[in-house]
Every structure is written in structure tokens, then in C-alpha cells.
Amino acid sequence: MDYAPSNRNSASTKIVVAGGFGVGKTTFVGAVSEIDPLRTEALVTQESAGQDDISKVQQKHTTTVAMDFGRITLAQNLVLYLFGTPGQRRFWFMWDDLVKGAIGAVVLVDTRRLDDSFAAVDYFEAKGLPFIVALNQFDGSGEFGPEEIREALAISDHIPVIEVDARDRESAKHALVRITEFALTQLSRVPVTT
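Residues numbered from 1 in each chain as written. Predicted model: local features only at pLDDT ≥ 70, side-chain atom pairs only at ≥ 80, totals over all residues. Heavy atoms only, no water.

Novice: I'd love a proper account of unusual backbone geometry, names of residues and values included.
Specialist: The phi torsion at Ala154 lies on the positive side, around 55°, for a residue other than glycine. Structurally, the position occupied by Ala154 is in the loop between α4 (146-153) and β7 (161-164). (Helix = DSSP H or I, 4+ residues; strand = E, 2+ residues; numbered from the N terminus.)

Dropping the structure here:
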């Protein structure tokens, strides 16, 4: 893996990768990060029984308990710091700290489990933080397209809904470029007060 050297003339910003339990946040950050990502994972225990539906992610044996952290240089002068949120409900108290200073978020969605997506979408809408919805391409998840998901999640027309493969570096990078562009357009619409 290539490591980008630090550049004192570069700008940096923070992007949050969020979504429900087992949607691919840790995989996304790991696939795109140019550094070895920091992961705070623990074994899935009985504490999650009744709280998290693991029937669709039975191969999942660990869960993020605080955050995932990675970094990617998108351009010579733009570095993104990535913060993946925990997906289990009992760790959601971390989200408020993780979004501080972020310019935007990628909400990963597993189309087989749309109910798990509403909380993340509602959270970023309430915070007023620009976000995109990224439909993670799991096996058997391609039966619904972006517009059907937009309607099902009641997402405004101006919010981008894209498809992504969280395992693929280029696909994840495309999602990060898209949220960066979208966040910049949203920030440019905020009136300047003097």
C-alpha cells in the first residue's frame, strides 16, 4: 500500500461513514484508507441479542465499539480523515462526538435491511450535516435501484443516492469524492453573516 507524504500546503477535512449494524463501514474505511486503519472492534456477544438482527450477517463475529479511523489523499492538496461510526444501537452515543467538525457523511445502506437505515438518515437530517446515501452491493442486494431506495427512505431529491462496493477501493473513493463535492455545494449555499 502506498503512503502519501504529509504536505503542509494541503487542506484536510473530516468525513463520517455511518449506517446500521453490519452494513460495511469498517470494510469501507479499510478498503480506501492509505494508512492501516485504526479499528476498535470487539467480538459480538450476547449483549446484542434482541438489539441487533444478525440473521442477514451471520458471518459477522466482530463489531465496532467506538470508531474506525482512516486517511486518504484525494488530491495533492486535499486529505480526508475518515471516521466510521459504530452500528450497534448501544454504541450510538459515540456519533455526536464523531461528527464534530465533519463536512459530510456517507450513509451506507444494505438494501436487504432498509429498516436499519432510517436512524442514520434521520440523524444526519436532524443535524443538518450534508450526507449521501451509498447502497452497498452485497450478494443478493441488487433488486432495488437508487430511486426506489430514495422513495423507500423518503430522502429529498437533492441528496445523492449512489451504488458502492465497500470492498473496492475505487468504488469507495468515488463515494468520498461524491460526498466531498456535495458537501462543498451545500456549504457554498450557506449565507455568510457579518
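Novice: Provide a residue-level description of the environment of Gly22, including the pertinent values.
Specialist: With respect to the secondary-structure elements, Gly22 resides in the loop between β1 (11-19) and α1 (25-32). What makes Gly22 buried here is its relative accessible area of 14%. (Buried < 20%, exposed > 50% of the residue type's maximum accessible area, 1.4 Å probe, protein only.)

Novice: Which residues make up the environment of Val121, and what values do they have?
Specialist: With respect to the secondary-structure elements, Val121 resides in helix α3 (residues 118-127). What makes Val121 buried here is its relative accessible area of 1%. C-alpha of Val121 to C-alpha of Leu108: the two residues are 13 residues apart in sequence and 9.8 Å apart in space. Sequence-distant contacts of Val121, defined by excluding residues within four places in its chain, comprise Val107, Phe131, Val133, Leu153 and Ile155. (Contact = heavy atoms within 4.5 Å.)

Novice: Pulling in residues and values, what's your account of the nonpolar core?
Specialist: For soluble globular proteins, nonpolar side chains are generally found buried alongside one another. Counting residues in each nonpolar core, the largest one holds 46 residues, and the members touching the most others are Phe28, Phe124 and Leu176. For this core, the element with the highest residue contribution is strand β5 (residues 102-109), accounting for 7 residues. Those residues in contact with Phe124 that sit more than four places away from it in its chain are Val16, Ala18, Trp95, Val99, Ala105, Val107, Leu129 and Phe131. (Core = buried A, V, L, I, M, F, W, Y, C linked by side-chain atoms within 4.5 Å.)

Novice: Summarise the side chain of Thr13; cite the residues concerned and give the values.
Specialist: Inspection of the secondary structure assignment puts Thr13 in strand β1. In this structure Thr13 comes out as buried when scored by relative accessible area, which is 13%. The residues touching Thr13, leaving out its near neighbours within four places in the chain, are Leu78, Val79, Leu80, Tyr81 and Ile103.

Novice: Please provide a residue-by-residue account of α4, values included.
Specialist: Residues Ile149, Arg150 and Leu153 constitute the buried set of α4. Looking straight down α4, one finds that the buried residues subtend no more than 105° of arc, so they occupy a single side. Opposite the packed face of α4, turned more than 90 degrees from it, sit the exposed residues Glu147 and Glu151. Looking at the buried side of α4, the elements it contacts are β5, α3, β6 (131-136) and β7. Immediately downstream of α4, the backbone of Ala154 shows phi near 55°, a positive value. (Arc of directions from axis to C-beta.)

Novice: If you had to explain the pattern of salt bridges to someone new, which residues and values would you point to?
Specialist: For the coordinates displayed, the defined rule picks out 9 salt bridges. In this structure, the salt-bridge partner of Asp116 is Arg113, at a minimum N-O distance of 2.8 Å. Taking the relative accessible area as the measure of exposure, Asp116 reaches 28% and is therefore partly exposed. Salt bridges here are not isolated pairs; linked through shared partners, they connect Asp110, Arg112, Arg113 and Asp116. (Salt bridge = Lys/Arg side-chain N within 4 Å of Asp/Glu carboxyl O.)

Novice: Can you explain the packing of α1 against helix α5 (residues 169-188)? Please cite residues and give values.
Specialist: Taken N-terminus to C-terminus, the directions of α1 and α5 make an angle of 100°; their axes are 8 Å apart at the nearest point. Accordingly, the angle class assigned to the pair α1 and α5 is roughly perpendicular. Packed against α1, whose contacting residues are Phe28, Ala31 and Val32, the element α5 presents Arg169, Ala172, Lys173, Ala175 and Leu176 at the interface. (Axes fitted to C-alpha atoms, helices over the stretch in contact; angles between N-to-C directions. Parallel < 35°, antiparallel > 145°, perpendicular 65-115°, else oblique.)

Novice: I'd like to hear about the packing of aromatic side chains, residue by residue, with values.
Specialist: As enumerated under the stated definition, the model contains 4 aromatic pairs in all. For the pair Phe69 and Phe83, a centre-to-centre distance of 5.1 Å together with 65° between the ring planes defines the contact as edge-to-face. Highlighted residues: Phe69 in strand β3 (residues 62-75) and Phe83 in strand β4 (residues 78-84), separated in sequence by 14 residues. The burial state of Phe69 is the same as that of Phe83; both residues are buried. Here the guanidinium or amino end of Lys14 rests over the ring plane of Phe83, the centre of that ring lying 4.5 Å away. (Phe/Tyr/Trp six-rings, centres within 6.5 Å; stacked < 30°, edge-to-face > 60°. Lys NZ or Arg CZ within 6 Å of the ring centre and 35° of its normal.)

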